[in-house]
Amino acid sequence: MKALISVSDKTGIVEFAQALHALGVQLLSTGGTAKLLAGVGLPVTEVAEVTQFPEMLDGRVKTLHPMVHGGLLARRDLPEHMAALKEHGIETIDLLVVNLYPFEATVAKAGCTLADAIENIDIGGPAMVRSAAKNWKDVGVLTAADQYEAVLAELKANGKLSDKLRFALSVAAFNRIAQYDGAISDYLSSVKFEDEKLSEEYVPERALFGGQSNGHFIKVQDLRYGENSHQQAAWYRDLYPAPGSLATGVQLQGKELSYNNIADADAAWECVKSFDTPACVIVKHANPCGVAVGANAFEAYSKAFQTDPTSAFGGIIAFNRPVDKAAAEAVSKQFVEVLMAPEFSAEALEIFKAKVNVRLMKIALPAGGATDWDNGRNAIESKRIGSGLLLQTSDNHELKLADLKVVTVKQPTPEELNDLLFAWNVAKFVKSNAIVFCKNGMTMGVGAGQMSRLDSARIASIKAEAAKLSLQNTVVASDAFFPFRDGLDVVVDAGATCVAQPGGSMRDQEVIDAANERGVAMVFTGVRHFRH
């Protein structure tokens, strides 16, 4: 058996090559990899000795040769293939170990020049990988260090690789090539080429949205069905999921997550991790139905649950603090589909053992915290439409106290300003049209997803009444401006004393006059938060 090894990332390669040598595998290698292996005493033949052609063009050409590709592509079951190899003195290659030039890492660096990006486009590596992967029945192809262990295990046990493993390695190889080529296409499609600036030091300006989008995702699991039982579904994650995102979570117990569970869980998790203080978010059908902050997880949950106990039944609950015994005991009294937190105490896990169907998910919070909007959040989000795709930057805007512009005679109190920031943050995660009443770090009524902002305001009031919560002296956040004064009148009639809205309507002055007439404070945020 002969193995050709040519790797850019040399993690674990010496140990792997040593294990292959111990199994009697002949080693063939290139350039720096050959020097590394020879340096630890391994008998290794350089590719140039086999091809009788030196590496040239700064290493751009070294494996693009029939002596290499013939050995990878020849079918051992076809006599004419084997005869052709014999005629030209080509030996078979049974194992190919290649990982590619670090193109993705290179272009991710600040100040990456176009020349450096181009030079890190691998040519010979992908060509060999494709050849070996195509001929998977005869050749095993490894493209990542985490494959070494499984390959060695089979070689030690059977002296060869099984068809199943070779095919799996082939699929992984073609996936890697697709990812690699996609990254190159994404980069080059985004470059704003300026001929007059072209030089070795040229760092091109890049468009946020390139000429082609090549998304690549890895399947996490198949799902029982989609939004409805007649729909099929699966869950995929980014190749490199952001730390602190839902895709990095670990399910500790409970039934398999459903399509709707995952969608709602993402909404709850994204909302709860946007708070610095202990917080709890309860989501039902993609909308927060209760959000609160408190001194601890238990207090935050108790307040969030009060907002809308009816909707909370069968909801998704997320905490941004560990769930301890007190919080677990409180949550266990209601029917919950999914419970997420960065950690669960031993007592909490014991409590939920009796609730075998409850899905517990442990998700580490991103290191940057709630105020770091680039940490653990998607930079770009997408939506499929008929034969197309909509892309946009994610709504990661963080409203600060200094951003608020008071437009009324009455000034908000410090307590109202704090609640306005809380309400505004919640409104960002509520489907439009969104109206959110809050008081003392707790949602008091949430109106979501209505065609009319008036209806959203009325629904929020109805829900507060059903939960026996008073809306007197509350603050209100509206995700978009009030086009007429009627929306303002509805929330003031319900008991609101302070309102936050983006502003920007042709009738802003009419609404400001109405606020002054009603004796309430109003601030403009200067930004809206439509969520469809």
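- Under an unreviewed UniProt entry, the name given to the protein is Bifunctional purine biosynthesis protein PurH, and the organism recorded is Comamonas testosteroni.
- The Sequence similarities (unreviewed entry) field of the UniProt record for the protein holds the comment "Belongs to the PurH family."

Focus on the domain arrangement of the protein
(1) Moving on: Looking at the protein, the domain boundaries give domain 1 (2–197), domain 2 (256–363), domain 3 (364–394) and domain 4 (401–524).
(2) Moving on: The straight-line distance from the C-alpha centre of domain 1 to that of domain 3 is 34 Å.

Focus: the packing of helix α4 (residues 66–73) against helix α8 (residues 124–134)
(1) Moving on: Running from N to C, α4 and α8 cross one another at 25 degrees; their axes reach a closest spacing of 8 Å. Taken together, α4 and α8 sit at an angle that is classed as roughly parallel. Residue-level inspection shows V68, H69, L72 and L73 of α4 in contact with α8, the latter providing A127, M128, S131, A132 and K134.
(2) Moving on: By residue class, the composition of the contact of α4 with α8 is six nonpolar, two polar and one charged.

Re a nonpolar patch on the surface
(1) Moving on: Side chains of L208, F209, I380, L389 and L391 sit close together on the surface and give an oily, nonpolar patch of about 430 Å² of accessible area.
(2) Moving on: Relative to the helices and strands, F209 resides in the loop between β7 (205–206) and β8 (217–223).

Looking at the sheet that holds strand β20 (residues 443–447)
(1) Moving on: Reading across from one edge, β18-β23-β22-β21-β19-β20 is the order of the six strands in this open sheet, with mixed pairing throughout. The open sheet terminates on both sides in strands that have one partner only, identified here as β18 (405–406) and β20.
(2) Moving on: Against the sheet, helix α18 (residues 485–494) touches β19 (435–438), β21 (474–478), β22 (496–501) and β23 (521–524), its axis set at about 145 degrees to β22.
(3) Moving on: The strands that helix α19 (residues 508–518) touches are β22 and β23; relative to β23, the one it contacts most, it runs at about 150 degrees.

Definitions and cut-offs
Residues numbered from 1 in each chain as written. Predicted model: local features only at pLDDT ≥ 70, side-chain atom pairs only at ≥ 80, totals over all residues. Heavy atoms only, no water. UniProt positions renumbered as here; feature names shortened; annotations may be inferred. Domains from an automatic or database assignment. Axes fitted to C-alpha atoms, helices over the stretch in contact; angles between N-to-C directions. Helix = DSSP H or I, 4+ residues; strand = E, 2+ residues; numbered from the N terminus. Parallel < 35°, antiparallel > 145°, perpendicular 65-115°, else oblique. Contact = heavy atoms within 4.5 Å. Nonpolar A, V, L, I, M, F, W, Y, C, P; charged D, E, K, R; others polar. Patch = residues over 30% accessible without salt bridge, like charges linked within 9 Å, V, L, I, M, F, W, Y side chains within 5 Å. Areas by Shrake-Rupley, 256 points an atom, 1.4 Å probe, with all protein chains shown as cover. Salt bridge = Lys/Arg side-chain N within 4 Å of Asp/Glu carboxyl O. Pairing = 2+ DSSP bridges.

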